[in-house]
Amino acid sequence: MYSEKVMDHFTNPRNVGEIDNASGVGTVGNAKCGDIMRIYLDIDEDKIIQDVKFKTFGCGAAVATSSMATELVKGKDIQEALKITNKAVMDALDGLPPVKVHCSLLAEEAIHAALWDYAEKNGIVIEGLEKPKSDISEEEHTEEY
Ligand code: FES
C-alpha cells in the first residue's frame, strides 16, 4: 500500500525537532482528521532556507510527507520553497494511497504558514503567498494567555 520511500521517511523521518528563535514558525491543523503540524524555518538575509524542522501530531503519511517536504525546501530560497506543492512531495515519495492525499497538505500548508509568519515578522510581502486557511498559530496564542 505504501511505497518504500514513504516507509523510509516514516520510520526514519528527517528534520524532526524545533529551531530556537526561528525566522518563521507555522502551525496548521487538518480539518478532516484534526491532526496538527508545526514547521520551523531558519531563513538567512539572502532569503535562503538554511534549516528546517518539524513536529507533528499526525499520522504516518503526514510524518513521511513532512519529512520529504523539509528535505525539498532546505537550501532553497523562499520563492522556490513556495513552489513545492503537496503533489511534488507525493511524487518525490512515489505516491500516496488516495485516502491519504489530504495528509500531504499539512506539510505544504505548514511551510506556507511559516513563510507567512516570517513575512509578517519582517514586514515584507512574499509574492504568491496566501495565509493558509488551516493556519491555527493565532488560535494557539489565544490559548496561551
Ligand atoms: Fe491526519 Fe493523515 S490522517 S494527517
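I will try to describe carefully the structure that is included in this document. All of these numbers come straight from a predicted model, not from anything done at the bench.

A few words now on unusual backbone geometry. The phi dihedral of asparagine 15 is positive, around 65°, even though this residue is not glycine. Relative to the elements of secondary structure, asparagine 15 occurs in the loop between α1 (4-11) and β1 (24-29).

Turning next to the side chain of serine 66. One can find serine 66 in helix α2 (residues 60-73). Overall, serine 66 belongs to the buried group, its relative accessible area being 0%. Setting aside residues up to four positions removed in sequence, serine 66 forms contacts with Met37, Phe54 and Ala107.

Quick look at the pairing of strand β2 (residues 36-43) now. In terms of strand pairing, β1 meets β2 through 6 bridges, oriented antiparallel. The residue of β2 that forms the bridge with glycine 26 is isoleucine 39. Taking the residues between adjacent antiparallel strands as the criterion, β1 and β2 are bridged by 6 residues, where glycine 34 takes a positive phi near 85°. Of the strand pairs in this sheet, β2 and strand β3 (residues 49-57) are connected by 8 bridges, and their pairing is antiparallel. In the strand pairing of β3, isoleucine 39 is matched with phenylalanine 54. What sits between β2 and β3 in their antiparallel hairpin is a turn of 5 residues, with lysine 47 showing a positive phi close to 65°.

Let us look at the pattern of salt bridges. On inspection of all chains with the given rule, the structure shows 7 salt bridges. Among the salt bridges present, the one from aspartate 94 reaches lysine 5, with a minimum N-O distance of 3.7 Å. Placement of the pair is aspartate 94 in the loop between α4 (86-92) and α5 (101-122) and lysine 5 in helix α1, with a sequence separation of 89 residues. Residues aspartate 117 and lysine 121 are paired through a salt bridge, measuring 3.0 Å at the closest nitrogen-oxygen approach. Taken together, the residues aspartate 117 and lysine 121, both in helix α5 and 4 residues apart, mark about one turn of the helix. Through salt bridges with shared partners, a single network forms among Asp51, Lys53 and Lys74.

This part is about α2. An ideal rise of 1.5 Å per residue puts 20 Å on 14 residues; α2 measures up with 20 Å between its terminal C-alpha atoms. In terms of residue burial, α2 counts as a mostly covered element, since 11 of its 14 residues are buried. Of all the residues in α2, the buried ones are Ala61, Ala62, Val63, Ala64, Thr65, Ser66, Ser67, Met68, Ala69, Thr70 and Val73. Looking at the buried residues of α2, the elements they touch are α1, β2, β3, α3 (78-82), α4 and α5. The first or second residue beyond α2 is glycine 75, which carries a positive phi of 85°.

Reading the values: rules and limits
- Residues numbered from 1 in each chain as written.
- Predicted model: local features only at pLDDT ≥ 70, side-chain atom pairs only at ≥ 80, totals over all residues.
- Heavy atoms only, no water.
- Helix = DSSP H or I, 4+ residues; strand = E, 2+ residues; numbered from the N terminus.
- Buried < 20%, exposed > 50% of the residue type's maximum accessible area, 1.4 Å probe, protein only.
- Contact = heavy atoms within 4.5 Å.
- Pairing = 2+ DSSP bridges.
- Salt bridge = Lys/Arg side-chain N within 4 Å of Asp/Glu carboxyl O.
- Expected span 1.5 Å × (residues − 1).

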